[in-house]
Amino acid sequence: MFIYLISRHSDMGKTRAVRHVYLIRHGQYQTRTQFEDQKQLTTLGNEQADWAGQALSESKIPFNRFVQSGLIRAIQTAGIINKHLQFKKIEQDVDLNEG
């Protein structure tokens, strides 16, 4: 149920590449339901995702890849964060799902 961003850069002309993986947990979500598709972000969760997106954008880190789990709360969080990062494509990996 995570979202991860990957940043990769060469080490000053050396042949080795350095990768940094940034894990982001989804924002606060509705918990009073048994159905996964109803566990959507709360108002606070939307604000948290927006704050995270703004902070990531302001960091000026050159992210190369954006991957989210398949759960609705992660999809919503990634979408809000992406308003700041503006990736053309967010990948989905269900192996990041809970359970």
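See above for the structure.
The present account deals with the structure reproduced in this document. (Residues numbered from 1 in each chain as written. Predicted model: local features only at pLDDT ≥ 70, side-chain atom pairs only at ≥ 80, totals over all residues. Heavy atoms only, no water.)

### Considering the overall build of the protein chain
Right, so step 1: Counting its regular elements, the protein chain contains two helices and four strands.
Right, so step 2: The secondary structure elements of the protein chain, listed N-terminal to C-terminal, are β-β-α-β-α-β.
Right, so step 3: Taking all 99 residues of the protein chain together, the buried fraction comes to 34%.
Right, so step 4: Once local pairs closer than 6 in sequence are excluded, the contacts in the protein chain between residues at least 24 apart make up 58%.
Right, so step 5: Per element, the accessible surface of the protein chain, about 6,700 Å² overall, is 48% carbon and sulfur. (Helix = DSSP H or I, 4+ residues; strand = E, 2+ residues; numbered from the N terminus. Buried < 20%, exposed > 50% of the residue type's maximum accessible area, 1.4 Å probe, protein only. Contact = heavy atoms within 4.5 Å. Areas by Shrake-Rupley, 256 points an atom, 1.4 Å probe, with all protein chains shown as cover.)

### Digging into the packing of aromatic side chains
Right, so step 1: Scanning all chains against the criterion turns up two aromatic pairs.
Right, so step 2: For the pair Tyr22 and Phe63, a centre-to-centre distance of 5.3 Å together with 90° between the ring planes defines the contact as edge-to-face. Taken together, the residues Tyr22 in strand S2 (residues 17-25) and Phe63 in strand S3 (residues 63-68) connect sequence positions 41 residues apart.
Right, so step 3: Taking relative accessible area as the criterion, Tyr22 reaches 27% and is therefore assigned partly exposed.
Right, so step 4: Phe63 gets classed as buried once you look at its relative accessible area, which sits at 12%.
Right, so step 5: Measuring from ring centre to ring centre gives 5.4 Å for Phe66 and Phe87, while their planes differ by 70°; the resulting arrangement is edge-to-face. Of this pair, Phe66 sits in strand S3 while Phe87 sits in the loop between helix H2 (72-85) and strand S4 (91-92); the two residues are 21 residues apart in sequence, bridging distant segments of the chain.
Right, so step 6: Accessibility expressed as a relative area gives 1% for Phe66, which makes it buried.
Right, so step 7: The ring of Tyr29 is capped by Arg73, whose NZ or CZ atom sits 4.2 Å from the centre of that ring. (Phe/Tyr/Trp six-rings, centres within 6.5 Å; stacked < 30°, edge-to-face > 60°. Lys NZ or Arg CZ within 6 Å of the ring centre and 35° of its normal.)

### Looking at the nonpolar core
Right, so step 1: Grouped together as the largest cluster of nonpolar side chains are nine residues: Leu5, Ile24, Leu56, Phe63, Phe66, Ala78, Ile81, Leu85 and Phe87.
Right, so step 2: For this core, the elements supplying multiple residues, two or more each, are S3 and H2.
Right, so step 3: Counting residues per element, this core draws most heavily on H2, which supplies three residues. (Core = buried A, V, L, I, M, F, W, Y, C linked by side-chain atoms within 4.5 Å.)

### Considering the environment of Asp93
Right, so step 1: Topologically, Asp93 is positioned in the segment after S4.
Right, so step 2: In sequence terms Asp93 and Val67 are 26 residues apart; their C-alpha atoms lie 6.7 Å from each other.
Right, so step 3: With residues near it in sequence (within four places) discarded, Asp93 still touches Val67, Gln68, Ser69 and Gly70.

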